[in-house]
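# What the coordinates show
So you can see what is in the structure, the chains are spelled out below.
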Amino acid sequence: MTHSAECARRRDGAAQAARWMEGAARLLQAFDASDEWGAVIRYNLACHYAQVNMPDKALGSLRSALDLTPVLIGWSTKDPDLAPLHDDPRFDAITKPGP
C-alpha cells in the first residue's frame, strides 16, 4: 500500500498521494472490520503521512492504530517510516508507557 502511494506522490504530489492512501484504506477496511486489521491500516497511513511531511495526520493515525493494537508500540519506535516523528514530543506521548 505504501509503495503504491510513493509512486503516486512522485507523479502527482503529496496531497494526491494522501487521497490515494485514504481511499485505499477505506477499501481495505471493507474486507475486514476487525480491530487488528484496522490497526494495520491506520499504522500504514501513519507511515505514509510521516513520509510526506503531514505530522498531524501521522500522529492521529498512529494514536488510533496503537489504541487498537498496543503491541505495535515497540515497533513504532524503531520503524524507519516513522523516523520523521521520533523527535516530536507528541510521538513520545503516544509511544511511552504511562506512570
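So, a few notes on the structure that sits alongside this text.

Our next topic: helix H4 (residues 55-68). The terminal C-alpha atoms of H4 lie 20 Å apart, and with 14 residues this matches the ideal 20 Å at 1.5 Å per residue to within 8%. Those residues of H4 that sit buried are Ala58, Leu59, Ser61, Leu62, Ala65 and Leu66. Taken down its axis, H4 places every buried residue within 165 degrees of arc, on the same side. Within H4, the exposed residues directed more than 90 degrees away from the buried face are Asp56 and Asp67.

Assignment of secondary structure puts Leu82 in the loop between helix H5 (72-76) and helix H6 (89-95). The exposure class assigned to Leu82 is buried, which follows from its relative accessible area of 0%. It is 9.7 Å that separates the C-alpha atoms of Leu82 and Tyr43, two residues lying 39 residues apart in sequence. Beyond its immediate chain neighbours, meaning those up to four positions away, Leu82 contacts Tyr43, Ala46, Cys47, Ala50, Leu62 and Ser76.

Here we take up helix H3 (residues 35-51). Within an α-helix, residues lying three or four positions from one another point in the same direction, as the helix has 3.6 residues per turn. Over its 17 residues, H3 runs 24 Å from end to end, which matches the ideal 24 Å to within 8%, given 1.5 Å per residue. Positioned one or two residues after H3, Asn53 has a phi angle of 60 degrees, which is positive.

As enumerated under the stated definition, the model contains three salt bridges in all. A salt bridge links Arg90 to Asp88, with the nearest nitrogen and oxygen atoms 2.8 Å apart. Under the relative-accessibility criterion, Asp88 is labelled buried at 15%. Asp92 is paired through a salt bridge with Lys96; the nearest N and O atoms lie 3.9 Å apart. Using a relative accessible area of 33% as the deciding quantity, one classes Asp92 as partly exposed. When its relative accessible area of 49% is taken as the criterion, Lys96 is described as partly exposed. One network of salt bridges, in which partners are shared, links Asp56, Asp88 and Arg90.

Reading the values: rules and limits
- Along each chain, residue indices are assigned from 1 in the same order as the chain's sequence is written.
- Confidence filtering applies because this is a predicted model: local features only for residues at pLDDT of at least 70, side-chain atom pairs given and counted only at 80 or more, and all residues used for totals across whole chains, interfaces and linings.
- The basis for every side-chain value is the complete set of non-hydrogen atoms in the structure, without hydrogens or water.
- Counting from the N terminus, the helices are the DSSP runs of H or I reaching at least four residues and the strands are the DSSP runs of E reaching at least two.
- Expected span of a helix, by definition, is 1.5 Å for each gap between consecutive residues, and there is one gap fewer than residues.
- Summary of the burial criterion: residues with accessible area below 20% of their type's maximum are buried, those above 50% are exposed, and those between are partly exposed, where the area comes from a 1.4 Å probe applied to protein chains only.
- By construction, the arc corresponds to the directions joining the helix axis to the C-beta atoms.
- Residue contacts follow a heavy-atom distance rule, with two residues in contact if any of their heavy atoms lie within 4.5 Å.
- Any carboxyl oxygen of Asp or Glu that lies within 4 Å of a side-chain nitrogen of Lys or Arg is treated as forming a salt bridge with it.

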